[in-house]
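Now for the letters of each chain:
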There are 2 protein chains.
Amino acid sequence: MTDNNDELVDRLRDAGLRPTRQRKSLGNLLFSAGNRHVTAERLHEEAMNAGVAVSLATVYNTLHQFTSAGLLREVAVEGAKTYFDTNTSQHFHFYHEGEGKLVDIPTDMVLLENLPDAPEGTKITQVDVTVRVKKK
Amino acid sequence: MTDNNDELVDRLRDAGLRPTRQRKSLGNLLFSAGNRHVTAERLHEEAMNAGVAVSLATVYNTLHQFTSAGLLREVAVEGAKTYFDTNTSQHFHFYHEGEGKLVDIPTDMVLLENLPDAPEGTKITQVDVTVRVKKK
DNA sequence: CTGTGTGCAAACTCTTTGCATAAGT
DNA sequence: ACTTATGCAAAGAGTTTGCACACAG
């Protein structure tokens, strides 16, 4: 964890973001435990539990800055809630409707083919595949 | 249009929904012009423009009732906005990020394969494929 | 008549913004 | 010092809810 700090600081610097206390803390929560899918609120709670004082507004700001910097990917699944995914590569999700939980689907299994070209004058920015599931 | 009314009334009845003035009007706006993708707000405006007095709350209620009845499909694309799609069969979308516009992709072209089974104890309710595009 | 649907306004949830204060370099 | 980030509280957008009134069967 503490070992990751230098690496994290570099990532932030490279992204043009000053490595402030808050950004480092949030960065550690996000990136030190494999792929994660968090909402702003969830991350805010985690920070609090970890004894890091961060305001919710800052969590939002930080998540968006990380996203612009390419460190995170935004996933829109449902209603108002926005999820941020630490896995920025092309991959798909299961979404558990009951629990509001998002889980990776290993991409290499899935085949998405014959997508038509983007409409005239536009280009594809992202392809989202969400498989909604619920308890039977 | 007026010809569709009997058909629409039957659809509503079959769904266990009383064919009220509002539901018939909204139903006509939704189903008489091919496949549509609307937000509650958009539909509300249209109703107003068509001289039909409906409150926004009723539009929301109606859209949800239609969705439960299987007449519509809910599509979550971005942030707070929920789109309702009159095409309830399996198909995919282009989403224009700039304009917030949703467009069908004819399914028969696209191939989505090797989806893993739904996680233990769950079943798939819907598969959403959204190709985000933006102006170049 | 009887029960379901509607309209309104207020409440709610998630997210964003503005501005004074604090921290990074 | 100078600039960028943060915190707070308030505003905003979209959606939902509760309750009195209206309409369909």
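Preceding block: the structure.
Calculation rules
Residues numbered from 1 in each chain as written. Chains lettered and ligands numbered in written order. Predicted model: local features only at pLDDT ≥ 70, side-chain atom pairs only at ≥ 80, totals over all residues. Heavy atoms only, no water. Least-squares fit on C-alpha atoms with pLDDT ≥ 70 in both. Contact = heavy atoms within 4.5 Å. Helix = DSSP H or I, 4+ residues; strand = E, 2+ residues; numbered from the N terminus. Buried < 20%, exposed > 50% of the residue type's maximum accessible area, 1.4 Å probe, protein only. Pairing = 2+ DSSP bridges. Axes fitted to C-alpha atoms, helices over the stretch in contact; angles between N-to-C directions. Near = heavy atom within 4 Å. Polar contact = N/O pair within 3.5 Å; in protein donor to acceptor, adjacent residues only side chain to side chain. Nonpolar A, V, L, I, M, F, W, Y, C, P; charged D, E, K, R; others polar. Phe/Tyr/Trp six-rings, centres within 6.5 Å; stacked < 30°, edge-to-face > 60°. Lys NZ or Arg CZ within 6 Å of the ring centre and 35° of its normal.

1. Overview of the relation of the copies chain A and chain B
Part 1: Overlaying chain A with chain B gives an RMSD of 0.1 Å, the required rotation being 180° about an axis along which the chain moves by 0.0 Å. Overall, the copies show the geometry of a two-fold rotation axis.
Part 2: Of the residues that chain A buries at the interface, 100% are likewise interface residues in chain B, meaning the two copies contact each other through the same surface.

2. Here's the deal with the environment of Met48 of chain B
All names here are of chain B.
Part 1: Here Met48 shows up in helix H3 (residues 40-49).
Part 2: Taking the relative accessible area as the measure of exposure, Met48 reaches 43% and is therefore partly exposed.
Part 3: Here the alpha-carbon distance between Met48 and Arg18, two residues 30 residues apart in the chain, equals 22 Å.

3. Focus: the sheet that holds strand E3 (residues 81-85) of chain B
Residues and elements named next belong to chain B.
Part 1: Strand order across the open sheet formed by three strands is E1-E3-E2, with antiparallel pairing between neighbours. Both edges of this open sheet fall to strand E1 (37-39) and strand E2 (73-78), since each of them pairs with a single strand only. If you compare each strand with its neighbour and ignore which way they point, the axes differ by 35° on average.
Part 2: This element, H3, spans E1 and E3 of the sheet and lies at about 90° to E1.

4. Points about the protein's contact with DNA strand D
Part 1: Lining the immediate surroundings of DNA strand D are 21 residues, of which Arg23 and Thr58 of chain A together with Arg13, Tyr60 and His64 of chain B lie closest.
Part 2: For DNA strand D, the backbone portion of the atoms within 4 Å of the protein, that is sugar and phosphate, comes to 79%.
Part 3: Separating a phosphate oxygen of DNA strand D from a side-chain N or O atom of Lys81 of chain B is a distance of 3.5 Å.
Part 4: Backbone polar atom of Thr82 of chain B to a phosphate oxygen of DNA strand D: 2.8 Å apart, as the coordinates give it.
Part 5: Broken down by secondary-structure element, the contributors of at least two residues to the surface near DNA strand D are helix H2 (21-31) and helix H4 (56-68) of chain A together with helix H4 (56-68) and E3 of chain B.
Part 6: Among the elements that take part in the surface near DNA strand D, H4 of chain B stands out by supplying five residues, more than any other.
Part 7: Among the residues forming the surface near DNA strand D, the class breakdown is eight nonpolar, seven polar and six charged.

5. Some thoughts on the packing of aromatic side chains
All names here are of chain A.
Part 1: Across all of its chains, the model carries four aromatic pairs over all chains by this definition.
Part 2: With 6.2 Å between their ring centres and 75° between their planes, Tyr83 and Tyr95 make a pair best called edge-to-face. Note that Tyr83 is positioned in strand E3 (residues 81-85) and Tyr95 in strand E4 (residues 92-96), a separation of 12 residues in sequence.
Part 3: When its relative accessible area of 6% is taken as the criterion, Tyr83 is described as buried.
Part 4: Over the ring of Phe31 we find Arg11, and its NZ or CZ is 4.7 Å from the ring centre.

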